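Fold and geometry: a report
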Amino acid sequence: MRLTHRLSVCFILIGMSLVNHAQAVLYDVDDIASNNTQSGFIAVNRNGINNVTFTGVGGSGIDDRDRNASNTDGAGGDVANNDMWRDFIFATNSTVLGRGMDINVSNLNPNTIYNIRVWGFDDSSNGGRNMTWNGKALGFPNSPDPTSLGDYSVWTLGKTDATGQLVIEGRAAEPLGPCCNVFVNGFQLIEGPLHLKVDIDTSPIETAPGFASLPVSGNTGSVTVDDVTFTVFSADGARNRASSSDPLTADFIFDDGAGQASGVTIEGLPDGEWEVSVYSWDNDFPAGDGTGNVGPQFVGITNFLTGGNPLNEMIFTDSFIADPNEPFRFRFHTDDLVTREGFGIFTRENNTQNRSRFNAIELRQIVPIPEPGTALLALFGLTGLGMRRRRTAA
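Please read all numbers here as calculations on a predicted model, not as lab measurements.

Definitions and limits used
- Residues numbered from 1 in each chain as written.
- Predicted model: local features only at pLDDT ≥ 70, side-chain atom pairs only at ≥ 80, totals over all residues.
- Heavy atoms only, no water.
- Helix = DSSP H or I, 4+ residues; strand = E, 2+ residues; numbered from the N terminus.
- Buried < 20%, exposed > 50% of the residue type's maximum accessible area, 1.4 Å probe, protein only.
- Contact = heavy atoms within 4.5 Å.
- Areas by Shrake-Rupley, 256 points an atom, 1.4 Å probe, with all protein chains shown as cover.
- Salt bridge = Lys/Arg side-chain N within 4 Å of Asp/Glu carboxyl O.
- Pairing = 2+ DSSP bridges.
- Axes fitted to C-alpha atoms, helices over the stretch in contact; angles between N-to-C directions.
- Phe/Tyr/Trp six-rings, centres within 6.5 Å; stacked < 30°, edge-to-face > 60°.
- Disulfide = S-S within 2.5 Å.

What to know about the overall build of the protein
Secondary structure summary: the protein contains two helices and 28 strands in total. Going through the 394 residues of the protein one by one, you find that 55% of them count as buried. Put simply, of all contacts in the protein between residues at least 6 apart along the chain, 74% involve residues at least 24 apart. On the protein, roughly 14900 Å² of surface is accessible, and the fraction owed to carbon and sulfur atoms is 48%.

Shown next as structure tokens:
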């Protein structure tokens, strides 16, 4: 399992304050004849508009198609985003490894790392197709149709050059399908590395500086930061301790029952390695296993994989002692999750008082330092080739 380390390459561990958090930019790849653009997306096409161009590579050309409603008209199809799914650009003759297309995005911040998400699907490509984007595998069958933007997509990384140009490399991958293997319906860019900081708040709202507020009413509440959604879960709800002057640890979600957990589910997290900091404190019931106090706690992740097999949860510690200043920290990689669309990070009591507390969470993205173009492809190729991504589990 990749819990504490990855490849022996140079890593950078820095973050961005949510005071100036990253902005997600969405691009919809349009067929030039129909020109249907999904709401909230920027239109791009093979003629080269809005600072985006498409180029065939290795003997491939580029072409486009519009499938109207057929890409989402199956059971539970993502009709709401049909204008994104319906049309696409594909690399012609991409039936040989090394063939495909480059997406060139200009006018970005120079020498900057970007999180990149690419969507690829075509209902009419019988038997499905397989490709890589910057070395990360993406595959799709011709059925079932996508049910949300969580389907038939892959996250990868790229870095702009000194002029602010980003190259996203799509290449045919095995097993090769007939005619064409590299497709793109749309893509998304988020400047990185990401540093997501979320503070649980209840009445009165007290938010720690630099954190996003997650307001909780009863035992429900959610917030979306940089296109990543955090939703609380707790059987007992939330509290605010007037005795505390620290807005980070003054309020929390909690459970006061044997075997009960409190925490957040997370949806839309980009692929990669993440360092997690979980804050736990209750000013009225300090740490320790004395009468009424918060004792040792489990900290873990739901929907985890071990040895390639699903595991309900992965426990990183069974003895986290609540502290007003020091969170519990651990690392995980998204490859170790059953799904990135709805896994949970939690605390659960492991003490005689049956108390658990969850005040705040930070996720700091750990990314390799890539160079533009083929150096990045070579880096990701070490881990991406041979992997085949179908659809993200719902």
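Some words on the pattern of salt bridges
For the coordinates displayed, the defined rule picks out 15 salt bridges. In this structure, Arg 65 engages Asp 63 in a salt bridge whose closest nitrogen and oxygen atoms are separated by 3.2 Å. Residue class for Arg 65 comes out partly exposed when judged on its relative accessible area of 33%. Given the relative accessible area of 22%, Asp 63 is considered partly exposed. Each of Arg 241, Asp 256, Asp 282, Asp 284, Arg 355 and Arg 357 takes part in one network of salt bridges that share partners.

As for unusual backbone geometry
Geometrically, the link from Ser 143 to Pro 144 is a cis peptide bond, its omega value of 5° lying close to zero. By the element assignment, Pro 144 lies in the loop between strand 10 (136–140) and strand 11 (153–159). Of the consecutive residues Gly 192 and Pro 193, the connecting peptide bond is found in the cis state with omega at -5°. For Pro 193, the location among the structural elements is in the loop between strand 14 (186–191) and strand 15 (195–201). Unlike most non-glycine residues, Asn 51 shows phi in positive territory, near 70°. Structurally, Asn 51 is set in the loop between strand 3 (42–44) and strand 4 (52–57). Take Asn 51: its relative accessible area is 42%, and that puts it in the partly exposed class.

Concerning the sheet that holds strand 20 (residues 251–255)
Strand order in this open sheet of three strands is 19-20-27, and the pairing throughout is antiparallel. Looking at strand neighbours, the two that pair on one side only are strand 19 (238–240) and strand 27 (356–358), the edges of this open sheet. Direction aside, neighbouring strands of the sheet carry axes that sit 35° apart on average. Summarising the sheet, strand 20 and strand 27 pair through three bridges and their orientation is antiparallel. Each bridged residue has a counterpart across the sheet, and for Phe 254 the counterpart in strand 27 is Arg 357.

Focus on the packing of aromatic side chains
Tallying each qualifying case throughout the model produces 15 aromatic pairs. A ring pair is formed by Phe 121 and Phe 140, whose centres lie 5.6 Å apart and whose planes are at 65°; its orientation type is edge-to-face. Here Phe 121 is found in the loop between strand 8 (113–119) and strand 9 (129–133), whereas its partner Phe 140 is found in strand 10, with 19 residues between them in sequence. In this pair, the class of Phe 121 matches that of Phe 140, namely buried. Judged by centre distance (5.3 Å) and plane angle (90°), the ring pair of Phe 140 and Phe 183 falls under edge-to-face.

Let's talk about the sheet that holds strand 6 (residues 87–91)
Overall, antiparallel pairing links the three strands, which are arranged 5-6-13 in an open sheet. Of all strands in the sheet, those with a lone pairing partner are strand 5 (62–66) and strand 13 (183–184), marking the two edges. In this sheet, strand 6 lies alongside strand 5 in antiparallel orientation, the contact comprising five bridges. Bridging across to strand 6, Asp 66 finds its partner in Asp 87.

A few points about the state of the cysteines
Considering all chains together, one arrives at one disulfide under this definition. Between the sulfur of Cys 179 and that of Cys 180 lies a disulfide, 2.4 Å long from S to S. Exposure remark for Cys 180: the relative accessible area of 2% places this residue in the buried category.

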